[in-house]
Amino acid sequence: MITIKTIKKLQNLFPILLLLTTLIFIISACSSKDKSKNLTVTADKTIMLSKDYQAKMTIKTNFDDTKFIVTKGKKTYQSRSFNSKKEASLSFKDTGEYTLTVNGNNESISKKISVTPYTVKVDKSTTPIDNTQYTIKKIVYEKVKKSKEPTDDAENNMHDYALLNDYYYRATIYYELRNNGSKAIDLSYTFASPIDDSGKDYPLLEGNTDAYSYDSMDGVLQPNTRRTGYFVMISNSPFTLNHLKINISSYFGTDSDIIGEGGISELDYTGTSSSTTVDKKVPPTSTEQNTDDSAGNEATYDEDSYDDTDTSDEADIDTDNDEYTEES
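Residues numbered from 1 in each chain as written. Predicted model: local features only at pLDDT ≥ 70, side-chain atom pairs only at ≥ 80, totals over all residues. Heavy atoms only, no water.

**Student:** Describe unusual backbone geometry, listing the residues and the values that go with them.
**Tutor:** Residues other than glycine seldom take positive phi values, yet N105 does so here, at roughly 55 degrees. Position of N105 among the secondary structure elements: in the loop between β7 (96-104) and β8 (107-116). Among the residues examined, N105 registers a relative accessible area of 14% and is labelled buried. The residue D123 is not glycine, and still its phi comes out positive at about 55 degrees. Considering the arrangement of structural elements, one finds D123 in strand β9 (residues 118-125). On the basis of relative accessibility, which here comes to 21%, the residue D123 falls in the partly exposed class. (Helix = DSSP H or I, 4+ residues; strand = E, 2+ residues; numbered from the N terminus. Buried < 20%, exposed > 50% of the residue type's maximum accessible area, 1.4 Å probe, protein only.)

**Student:** Lay out the sheet that holds β8 in plain terms, naming residues and giving numbers.
**Tutor:** One open sheet holds the five strands; their spatial order is β2-β8-β7-β4-β5, and the pairing between them is mixed. Looking at the sheet topology across the chains shown, the edges are occupied by β2 (46-48) and β5 (75-81). With strand direction ignored, the average angle separating the axes of adjacent strands in the sheet is 25 degrees. As defined by bridge partners, strand β4 (residues 67-72) adjoins β7 across five bridges and the pair is classed as antiparallel. Counted as the bridge partner of V70 is L100 from β7. (Pairing = 2+ DSSP bridges. Axes fitted to C-alpha atoms, helices over the stretch in contact; angles between N-to-C directions.)

**Student:** For the nonpolar core, give the residues involved together with the corresponding values.
**Tutor:** Y134, I136, I139, Y141, I173 and L241 are the most contacted members of the largest nonpolar core, which totals 31 residues. When contributions to this core are tallied by element, the ones reaching two or more residues are β9, β10 (132-145), β11 (167-179), β16 (225-235) and β17 (245-248). Top contributing element to this core by residue count: β11, with five residues. Ranked by size, the runner-up nonpolar core spans 20 residues in total, among them A43, F68, F82 and L100. (Core = buried A, V, L, I, M, F, W, Y, C linked by side-chain atoms within 4.5 Å.)

**Student:** Give me the lowdown on the packing of aromatic side chains, citing residues and values where you can.
**Tutor:** The full count for this structure, using the stated rule, is 10 aromatic pairs. Between Y202 and F239, the aromatic rings sit 5.3 Å apart at their centres with planes inclined by 50 degrees, giving tilted as the arrangement. Of this pair, Y202 sits in the loop between β13 (192-195) and β14 (212-215) while F239 sits in the loop between β16 and β17, placing them 37 residues apart in sequence. As far as burial versus exposure is concerned, Y202 and F239 are alike and both buried. Connected via pairs of aromatic rings, a cluster forms that spans Y77, F92 and Y98. When the ring centre of Y167 is taken as reference, the NZ or CZ atom of K143 above it lies at 5.7 Å. (Phe/Tyr/Trp six-rings, centres within 6.5 Å; stacked < 30°, edge-to-face > 60°. Lys NZ or Arg CZ within 6 Å of the ring centre and 35° of its normal.)

**Student:** Tell me about the pattern of salt bridges, residues and numbers included.
**Tutor:** Here the structure, examined in full by the defined rule, presents nine salt bridges. Taking the shortest distance from any N to any O, the salt bridge between E142 and R170 comes out at 3.5 Å. With a gap of 28 residues between them, E142 in strand β10 and R170 in strand β11 connect regions that are remote in the sequence. Judged by its relative accessible area of 24%, E142 falls in the partly exposed class. (Salt bridge = Lys/Arg side-chain N within 4 Å of Asp/Glu carboxyl O.)

This is the structure we're talking about:
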């Protein structure tokens, strides 16, 4: 039987019960997930730095009050909320693998973003020098953060590595070298060094922090054969290679005799012929055309300036210094 005393007790508890009910409702509303749709995030998987060593990307989501964080290893690079349009702009200055994590609608989504160096696809041949000819395949530009100890062949052979700035500039030139002559060339005694647009020669191995180069190719290049290799150019100052030239020393044969005087080879802007593709296992025939089926985003080469137009489905060129015999 409910007494008047019991009713008065219930009346005293009513405000407390009302407050608890309200709090439960608020907490439930705030923490509940919108089950009508899931959180989505739109972001590029790969982005290439520009020639100014920067890259920007717009990411999108489908919920308000959504936040994101960008990390590389244990370091946080960017962390903030999406704008009212449910978009955000990401900026990058270093290459590498980044992780984008987006939190919203009581969900979390992570995506990998790969930032690649500025790469220019060239596929042009240089002027021939003494029965030899270079075909420049592509050029990769990098702004490199110096490590405590050199970790690459080019830097390992650099006497002044310790004097490089904390950030220095590096370009890798991937090429194919042909010997169209009748005599073998001893590359151990024949040297080539690249020249930048300012006319500065980057001496092979003997350079300094202002201009230094490394050439991966060595050994003997037999007659009517070709091999792939690469130059590495390093400097404390930025440089461009819109009009690349290569300074070639005298050519030496396997008997140490001079078989060619060398000279300055440069990209043949007026030439229309293209070199044949190097296949790692099957030597190409004289009728095959140059079709570099590499992948990744690469800019195209222009004789006056670089173009940032991306090309799809292009793979990195092989640089194993393989040798091939030309078929007649």
